[in-house]
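Below, each chain spelled out in residue letters.
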Amino acid sequence: MTRRVAVLGTGLIGASIGLGLRTAGHRVVGWDPNASALEEAAGRGALDTAASSGDRAVAGADVVVLAGPLDAVVGSVRSLDTDALVTDVAGVKAPVVEAAAHLDRFVGGHPMAGRERGGPGAASGSLFRGAGWVLATDRAAEDDLGAVEGLVRDLGARPIRVTADEHDRAVAVVSHLPQVLAATLLEMAGDRPGVLDLAAGSFRDLTRVASSDPGMWAPVLAANREVLGDVIESLATRLRTWPPDAEAGRTADRLSSAANLRATLAPPVVAVRVALVDRPGELARVGRALAETGVDVRDLQLRHGPHGGGGVLTISVRPGEAAALAEGLTTEGLDVVGTA
């Protein structure tokens, strides 16, 4: 069923929603208070129509998606007066659900996907493929939940029904705490001269989310600060047990348990690491090896050298395919530095 969807906010998430829904056959009208963001989203093909105001975008819409930062979403939903089905993408649900109490048709939402870079220039219609998409069931009608679930599936995501409170407590652990940890780790390293010169892949991976837009994250962390505070206290208690456990020889069991849990987050993969030098054609060689071997690539990560000049590319593939890929890369004249 084709729907007319109004997207208010055409940054990374809003523009990605527009691209995905248009590909699925829906009509998308968009608006953003930032005229440059609106123009860029339209230029990227995320919109059928760029509206001159939020009210014009909402007029005649079947579904309204509030895709701005949390504080903007709360402000918009409070002032919204429409018979259309309304949903949002904010990272904290309780204040949004409360602000939407006057609406007859509202389903709070939160796509569990994103990127470090923001703005419509980073948008992709495939951003949400395979990702979870939370739908808050608070005061939501079954038909409206089903309608939003249909749009979520059109974007390639997996709808997950929970209450707003359940969502906010869960994301405090899996989303908000990692953001705080990344910032804190960088603060600690930055306070110690020379420490960042030693940072390798694990530190980069742990602190990747610190590159995210501070303007988006600050209101999210503020809105969920009470739950986040509880989670930080729990983390501090757990961290303090590591030194005595190390003394008692219990760390191996804890590390093993963590490794087993980590393995449940994604299909099993084997990582093939190949060293790249600073010369034209290196990535083309990798591409030829991938095409020749036909392996199923699950992830790619490039660790640049500290001053440019190549780096190490890690290619994650299905178990059983690593040997064939390593052989293909070697045939292309590339230096395979290990598998794991």
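This is a predicted model, so every value here is computed, not measured.

What is the right way to read helix α12 (residues 251–263) from this model?
Side chains of residues three or four places apart in an α-helix project in the same direction, reflecting 3.6 residues per turn. An ideal rise of 1.5 Å per residue puts 18 Å on 13 residues; α12 measures up with 18 Å between its terminal C-alpha atoms. Of all 13 residues that make up α12, zero are buried, and the element is exposed over most of its length.

I tried to follow a nonpolar patch on the surface on my own but got confused; where do I start?
A surface patch of nonpolar side chains, amounting to about 260 Å² of accessible area, comprises M112, V173 and V174. Taking the relative accessible area as the measure of exposure, M112 reaches 33% and is therefore partly exposed.

Explanation requested: the packing of helix α7 (residues 164–190) against helix α10 (residues 225–239) in the structure shown.
Helix packing geometry: the angle between the two helix axes and the distance between the axes. Viewed as axis vectors pointing N to C, α7 and α10 meet at an angle of 65°, and their least axial separation amounts to 9 Å. With respect to α10, the element α7 is oriented roughly perpendicular. The way α7 lies across α10 gives a crossing that is right-handed. Contact residues: α7 offers D168, R169, A172, V173, H176, L177, V180 and L181, while α10 offers V227, L228, V231, I232 and L235. Of the residues in the contact of α7 with α10, the class split is ten nonpolar, one polar and two charged.

Where do I start with the environment of V227 in this structure?
In this structure, V227 sits in helix α10. Through-space distance from the C-alpha of V227 to that of V286 is 45 Å; in sequence the pair is 59 residues apart. Beyond its immediate stretch of four places on either side in the chain, V227 contacts D168, R169 and A172.

When you look at the packing of α7 against helix α9 (residues 214–223) in this model, what are you seeing that I'm missing?
Close contact between α7 and α9 brings their axes to 11 Å; oriented N to C, the two are set at 115°. Crossing geometry of α7 relative to α9 is assigned as left-handed. Counting all contacts with α7, which are made through S175, H176, Q179 and V180, the residues of α9 involved are W217, V220 and L221. Each residue belonging to the contact of α7 with α9 can be placed in one class, and the counts come to four nonpolar, three polar and no charged.

Any chance you could explain the sheet that holds strand β3 (residues 49–50) here in plain terms?
Backbone hydrogen bonds are what pair the strands of a sheet, in a parallel or an antiparallel way. Strand order in the open sheet formed by eight strands is β3-β2-β1-β4-β5-β6-β7-β8, and the pairing between neighbours is mixed. Edge strands, defined here as strands with exactly one partner in the open sheet, are β3 and β8 (158–162). For strand β5 (residues 85–88) and strand β6 (residues 106–111), the ladder comprises two bridges, and the chain directions are parallel. What sits directly across from V86, in β6, is F106. Together, β6, β7 (132–136) and β8 form the strand contacts of α7, whose direction differs from that of β8 by roughly 110°.

Help me out: how do you make sense of the pairing of strand β4 (residues 63–66) in this one?
In regular strands, side chains alternate between the two faces of the sheet. The side-chain alternation of β4 yields two buried faces, one formed by V63 and V65 and the other by V64 and L66. Note that strand β1 (residues 4–8) and β4 share four bridges and pair parallel. Opposite A6, over in β4, you have V64 as the bridge partner. In the sheet, β4 pairs with β5 via four bridges, with the strands oriented parallel. Bridge assignment links V65 to a residue of β5, and that residue is T87. Once the chain exits β4 it traverses helix α4 (residues 70–79) before rejoining the sheet at β5, and the crossover so formed is right-handed.

Explain the nonpolar core here, please?
Inside soluble globular proteins, nonpolar side chains tend to come together where they are buried. In terms of nonpolar packing, the biggest core is built from 33 residues, with I17, V65, F128 and W133 touching the most fellow members. Elements supplying a minimum of two residues to this core: β1, α1 (12–23), α2 (35–43), β4, β7 and α6 (142–154). At six residues, α1 tops the list of elements feeding residues into this core. With near-sequence residues (within four places) excluded, F128 lies in contact with I13, S16, I17, P111, A113, W133, L155, G156 and A157. One finds L8, A84, V96 and A136 within the second-largest nonpolar core, a separate group that totals 28 residues.

Would you take a moment to explain the pairing of β7 for this structure?
Of all five residues that make up β7, five are buried, and the element is covered over most of its length. Here β7 shows two buried faces, one formed by G132, V134 and A136 and the other by W133 and L135. Judged from the four bridges that link them, β6 and β7 form a sheet pairing that is antiparallel. From the neighbouring strand, P111 faces β7, where its bridge partner is W133. Bridge analysis of β7 against β8 gives five bridges, and the strand direction is parallel. Paired with W133 across the two strands is P159, which belongs to β8. Since β7 and β8 lie parallel, the crossover through α6 that links them has a hand, and here it is right-handed.

Conventions we followed
The numbers attached to residues start from 1 for each chain and follow its sequence in the written order. Owing to the predicted nature of the model, reporting of local features is limited to residues with pLDDT of at least 70; listing and counting of side-chain atom pairs is limited to 80 or more, with chain, interface and lining totals taken over all residues. Just so you know, side-chain values use all the structure's heavy atoms and leave hydrogens and water out. Going along the chain from the N terminus, every DSSP run of H or I of four or more residues is numbered as a helix, and every run of E of two or more is numbered as a strand. Under the convention used throughout, the expected extent of a helix is 1.5 Å for every residue step, that is, one less than its residue count. Burial classes: relative accessible area under 20% of the type maximum marks a residue as buried, over 50% as exposed, and values in between as partly exposed (1.4 Å probe, protein chains only). Patch definition: residues with relative accessible area over 30% and no salt bridge; like charges joined within 9 Å; nonpolar side chains (Val, Leu, Ile, Met, Phe, Trp, Tyr) joined within 5 Å. Accessible surface area values rest on a Shrake-Rupley calculation with a 1.4 Å probe, where residue burial reflects the displayed protein chains alone. We define a salt bridge as a side-chain nitrogen of Lys or Arg found within 4 Å of a carboxyl oxygen belonging to Asp or Glu. Under this scheme, a helix contributes an axis fitted over its contacting stretch, all axes are lines through C-alpha atoms, and angles between N-to-C directions fall in the 0 to 180 degree range. Roughly parallel refers to an angle under 35 degrees, roughly antiparallel to one over 145, roughly perpendicular to one between 65 and 115, and oblique to any angle outside these ranges. Should the near helix be turned anticlockwise from the far one by less than a right angle, the crossing is left-handed, and should it be turned clockwise, the crossing is right-handed. We call two residues in contact whenever any of their non-hydrogen atoms come within 4.5 Å of each other. In this count, Pro and Cys sit with the nonpolar residues alongside Ala, Val, Leu, Ile, Met, Phe, Trp and Tyr, while Asp, Glu, Lys and Arg are called charged and the others, Gly among them, polar. Only strands joined by at least two bridges in the DSSP assignment are considered to pair. Here the term right-handed applies to a crossover when the path leading from its first strand over the helix to its second strand runs clockwise, the strands being oriented away from the viewer. Here the nonpolar core consists of buried residues drawn from Ala, Val, Leu, Ile, Met, Phe, Trp, Tyr and Cys, with membership extended through side-chain atoms lying within 4.5 Å.

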